Every structure is written in C-alpha cells, then in structure tokens.
Amino acid sequence: MNREEKLNNIVLIGMSGVGKTAIGKYVAEKLNMEFIDTDQLVVNNIGQSIAMIFELYGEAYFRALEQNIIESLTDKEDVVISTGGGVVLNRKNIQFLKKKGVVFLLQASIDTIVSNIESSPSNKEDRPLLKDASNLRDRIKRIYETRKELYISSADVVIRVDNKSKELVGDEIISIFRQQPPCSCF
Ligand code: S3P
C-alpha cells in the first residue's frame, strides 16, 4: 500500500467470527480511542436486531443501512471501527473507510472461524447468513470464497489471528498503526 498521509483511525474488516469486536474493543481501550461497531450502530438506529432487519426487510435493505452508517462516520477521528463481515461487498464502503483509516484485515482459517462461532451459539443466531446453515463449515467456506479477493484488495494490512489471543493480535495492530507513515511492511 502507498499511504502518504498519517491516518487517525483504525478499521477492522474480516469474516464473521474472526474477533473484530473483541480485538477492536481491546485496541480502542489501550489507545484510549472510541470504539465503534457498525452493526451495533445499525441496530441502534433501527431499533431491531440484525437478524430481524434481514427477516423483515431483506439483505439489500441491511446493506443500504450499513452504507448509510459508514458514511455517517465522516467526522469521526481517533476511533476504532469494527465492521460487519459483508462490508467489503460494497465498493463505496471500502473507498470511504480507506480514506478514514488504516484498514486491517483479520484473517482466520475456516476452522478457527467455525470454532469461534460454535463456542458462542447466540452468535450464529444473530448472523442471518449463517443461521439456517445445515453445515456451518461449508457455509462459511462458501461465503469466504466469494469474498476472499475483496477482503485482500480492501486491506492495507493483513493480520493472521489463528491461535492468537486478542491481546496479541491487538498489540500487533497497535504496533503497525504507530509505525505510520507506513513502511514497507504495509
Ligand atoms: C454479515 C456479518 C455480520 C452482520 C450481518 C452480515 C456478513 O457481522 O453484518 O449479519 O455479511 O458477513 P459480523 O461480521 O460481525 O458477524
């Protein structure tokens, strides 16, 4: 990546279950930054759960809400933004987020994702794209395959999270974020 300017925000992208929220909260707390979860903002705005929004209005409506929420972050500075797994599906989201901050892709193996999601059953229920999957692993794999290129091309930095604690991953993010302006490691 060739980022000339110093960016004040951290953006986390990646599949459901890679730990964006937990890691984002850890990083925000450690850097004394505000933590923002775009899914949570959508929920707060509409007053319905993500699962309900999908059920009542469909995925396209959710994606439109997601884009509005992301664009509403224009004036935010010194924030850690955790995004929904499908944020990369809309190029406008990524163009916007890249202008706002350093985009970290949290990458996990399918096994890690499955195990993270399975260890918290409510997680699956809250995720409409996974909820009705008869085989969770296959569903996650299929979604990942369709998004893989988008994740990679959207990221400034790729961080592997397998077998790492949120503290370890968070500290890696902090160290790279502090190295700005970006070095060749970007
Ligand atoms: C989605 C992931 C979810 C949420 C919505 C759609 C996706 O967020 O935005 O259910 O398309 O992968 P998490 O990544 O926090 O699960």
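Preceding block: the structure.
Residues numbered from 1 in each chain as written. Predicted model: local features only at pLDDT ≥ 70, side-chain atom pairs only at ≥ 80, totals over all residues. Heavy atoms only, no water.

### Looking at the pattern of salt bridges
In the structure shown here, the tally under the stated rule is eleven salt bridges. Among the ionic pairs, Glu-55 bridges to Lys-131, the shortest N-O distance being 3.9 Å. Of this pair, Glu-55 sits in helix H3 (residues 50-57) while Lys-131 is found in helix H8 (residues 128-131), placing the two residues 76 residues apart along the sequence. Overall, the relative accessible area of 32% leaves Lys-131 in the partly exposed class. (Salt bridge = Lys/Arg side-chain N within 4 Å of Asp/Glu carboxyl O. Helix = DSSP H or I, 4+ residues; strand = E, 2+ residues; numbered from the N terminus. Buried < 20%, exposed > 50% of the residue type's maximum accessible area, 1.4 Å probe, protein only.)

### Structural notes on the packing of aromatic side chains
By the definition in use, this model includes three aromatic pairs. Consider the rings of Tyr-57 and Tyr-61, whose centres lie 4.9 Å apart with planes at 50°: the pair is tilted. Taking relative accessible area as the criterion, Tyr-61 reaches 37% and is therefore assigned partly exposed. Measuring from centroid to centroid gives 6.4 Å for Tyr-144 and Tyr-151, while their planes differ by 20°, and the two rings are stacked. Assigned by exposure class, Tyr-144 and Tyr-151 land together as buried. (Phe/Tyr/Trp six-rings, centres within 6.5 Å; stacked < 30°, edge-to-face > 60°.)

### Digging into the nonpolar core
Within the largest apolar cluster, 49 residues are counted, with the highest numbers of intra-cluster contacts made by Ile-10, Val-27, Phe-104, Ile-140 and Ile-173. Setting aside residues no more than four positions away along its own chain, Phe-104 makes contact with Ile-10, Val-11, Leu-12, Ile-13, Val-157, Ile-159, Ile-173, Ile-176 and Phe-177. With seven residues, the next largest nonpolar core counts Val-42, Phe-54, Leu-65 and Ile-69 among its residues. (Core = buried A, V, L, I, M, F, W, Y, C linked by side-chain atoms within 4.5 Å. Contact = heavy atoms within 4.5 Å.)

### Some details on the sheet that holds strand E3 (residues 79-82)
Sheets are built from strands paired through backbone hydrogen bonds, the pairs being either parallel or antiparallel. Taken together, five strands build an open sheet; the order of strands is E2-E3-E1-E4-E5 and the sheet is parallel. At either margin of the open sheet sits one strand with a lone partner, and together these are strand E2 (34-37) and strand E5 (157-160). The average angle at which neighbouring strand axes cross in this sheet is 25°, direction not considered. The sheet contact formed by strand E1 (residues 9-13) and strand E4 (residues 101-107) spans five bridges and is parallel. Each bridged residue has a counterpart across the sheet, and for Leu-12 the counterpart in E4 is Phe-104. (Pairing = 2+ DSSP bridges. Axes fitted to C-alpha atoms, helices over the stretch in contact; angles between N-to-C directions.)

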